[in-house]
Structure formats: C-alpha cells, structure tokens
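Summary of the model geometry
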Amino acid sequence: MPGLSFVFVGRMKEPHFEAAFAEYMKRLGGYAKCELREIAEQRLGEKPSEREIAAALEREAREIERVIPRGAYLCAMCVEGEQRSSEELAKLFRELDSRGVGRICFLVGGSYGLDAALKGRADLRLSMSRMTFPHHLARVMLAEQAYRAFTINAGKRYHK
C-alpha cells in the first residue's frame, strides 16, 4: 500500500487533538510509512481583507510546495471537494496501490483553507463534509479515516 504524507498548515496546540492524532499515526504505522509536515500559518489581523488572505494563502502554498513528496498523489482537503465514504476511500487506496503510486499526500490548510492554485494542482479535492470543522479536528478525522481505509482493505473488524 502507498505511504502517507500529511502536510498541515499551522501547529497543533491542543493536547487532546495532539494525542488523538498521535494515536492514529501510531496505528497507521502498522500499514504504511507515514510522515507529518507542518507549515507555519501566516499571521493575519483581526479582519483581513480578501487581498491579504489571498497573499497569505499564496505564501503558505509556496511553503507547502517545498515539502510535497515528488511523485505523490496529491489530495487537497477542502469543503468544496468531493465527498467519499470510508469504503470509497479504501477503494481509492487500493486503486492507487495497483497503479504503483508510492505515496499519497494529504493537504490540510489553516483557518482560511488552501490556495486556489494548490487545490487546482491536486489529483483529488476531498471534503469530509459541507460542515466547517476546526482544522485541528479535521487532522484527527483525516488520520482516523486513513486508518479506517487501511483496516477495510485488510479485512479487519475495526470498520464495523
């Protein structure tokens, strides 16, 4: 199965989210080589303009581009992306493995999401929901769903 890279904008500060994410990274280690990269979130004022937000997202995108593994299947997490079930995510992992894809790279933006050009470059734009979640919670949810996909593919009972 392909390895996983998680590229996140911002650093987790909440111990409960850190612990939950660490637990799923540990579990994922039994199925795939996983790596985590955190990119500093650009600081903006209390009420930034659209132009300021766009400039910050562009700066973050340049940093993200530097850490995306060469040849990785790129999955941008964004609210306007495609929604998939856990079984469909497991199927995607199998399909990518059969195509010889060695690494899947998930991108999770900060408070203002991801730069449009970066989302346009992605092989898949994926959404967990049309609802808005704190991006630190989204990290935990993404890691859990990746773990779930691996357990589905391995025929484990975790999924039920």
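Preceding block: the structure.
Residues numbered from 1 in each chain as written. Predicted model: local features only at pLDDT ≥ 70, side-chain atom pairs only at ≥ 80, totals over all residues. Heavy atoms only, no water.

We now examine the overall build of the protein chain. Counting secondary structure elements, the protein chain contains five helices and five strands. Ordered by position from N to C terminus, the α and β elements of the protein chain give β-α-β-α-β-α-β-α-β-α. By the compact-globule yardstick of 15 Å for 160 residues, the protein chain fits well, its C-alpha radius of gyration being 15 Å. Counting only C-alpha atoms, the protein chain reaches 50 × 35 × 25 Å along its principal axes. (Helix = DSSP H or I, 4+ residues; strand = E, 2+ residues; numbered from the N terminus. Rg over C-alpha atoms; globule rule 2.2 N^0.38 Å.)

Turning our eyes to something else, we now look at the packing of aromatic side chains. What the rule picks out here adds up to nine aromatic pairs. For the pair Phe8 and Phe21, a centre-to-centre distance of 5.5 Å together with 75° between the ring planes defines the contact as edge-to-face. Of this pair, Phe8 sits in strand β1 (residues 3-9) while Phe21 sits in helix α1 (residues 15-28), and the two are 13 residues apart along the sequence. Neither residue differs from the other here; Phe8 and Phe21 are each classed as buried. In textbook terms, an aromatic cluster arises when at least three aromatic residues are bridged by ring pairs, as seen for Phe6, Phe8, Phe21, Tyr24, Tyr31, Phe93, Phe106, Tyr147 and Phe150. (Phe/Tyr/Trp six-rings, centres within 6.5 Å; stacked < 30°, edge-to-face > 60°. Buried < 20%, exposed > 50% of the residue type's maximum accessible area, 1.4 Å probe, protein only.)

As a packed pair, helix α3 (residues 86-98) and helix α5 (residues 135-153) sit with axes 8 Å apart at the nearest point and diverge in direction by 70°. Compared by their axis directions, α3 and α5 come out roughly perpendicular. Contacts between α3 and α5 involve Ser86, Glu87, Leu89, Ala90, Phe93 and Arg94 from the first element and Gln145, Ala146, Arg148, Ala149, Phe150, Ile152 and Asn153 from the second. Partitioning the contact of α3 with α5 into residue classes produces seven nonpolar, three polar and three charged. (Axes fitted to C-alpha atoms, helices over the stretch in contact; angles between N-to-C directions. Parallel < 35°, antiparallel > 145°, perpendicular 65-115°, else oblique. Contact = heavy atoms within 4.5 Å. Nonpolar A, V, L, I, M, F, W, Y, C, P; charged D, E, K, R; others polar.)

A few words on the nonpolar core. Counting residues in hydrophobic clusters, the biggest one holds 31 residues, and the most contacted among them are Leu4, Phe6, Phe21, Leu28, Phe93 and Phe106. Those elements giving two or more residues to this core turn out to be β1, α1, β3 (73-83), α3, β4 (103-108), β5 (124-127) and α5. The leading source of residues in this core is α5, at seven residues. In this view, Phe93 contacts Met1, Pro2, Leu4, Ile104, Phe106, Ala146, Ala149, Phe150 and Asn153; residues no more than four positions away in its chain are not counted. Counting residues in each nonpolar core, the second largest holds 15 residues, with Ile39, Ile64, Ile68 and Leu107 among its members. (Core = buried A, V, L, I, M, F, W, Y, C linked by side-chain atoms within 4.5 Å.)

By themselves, these observations are geometric and do not establish any function.
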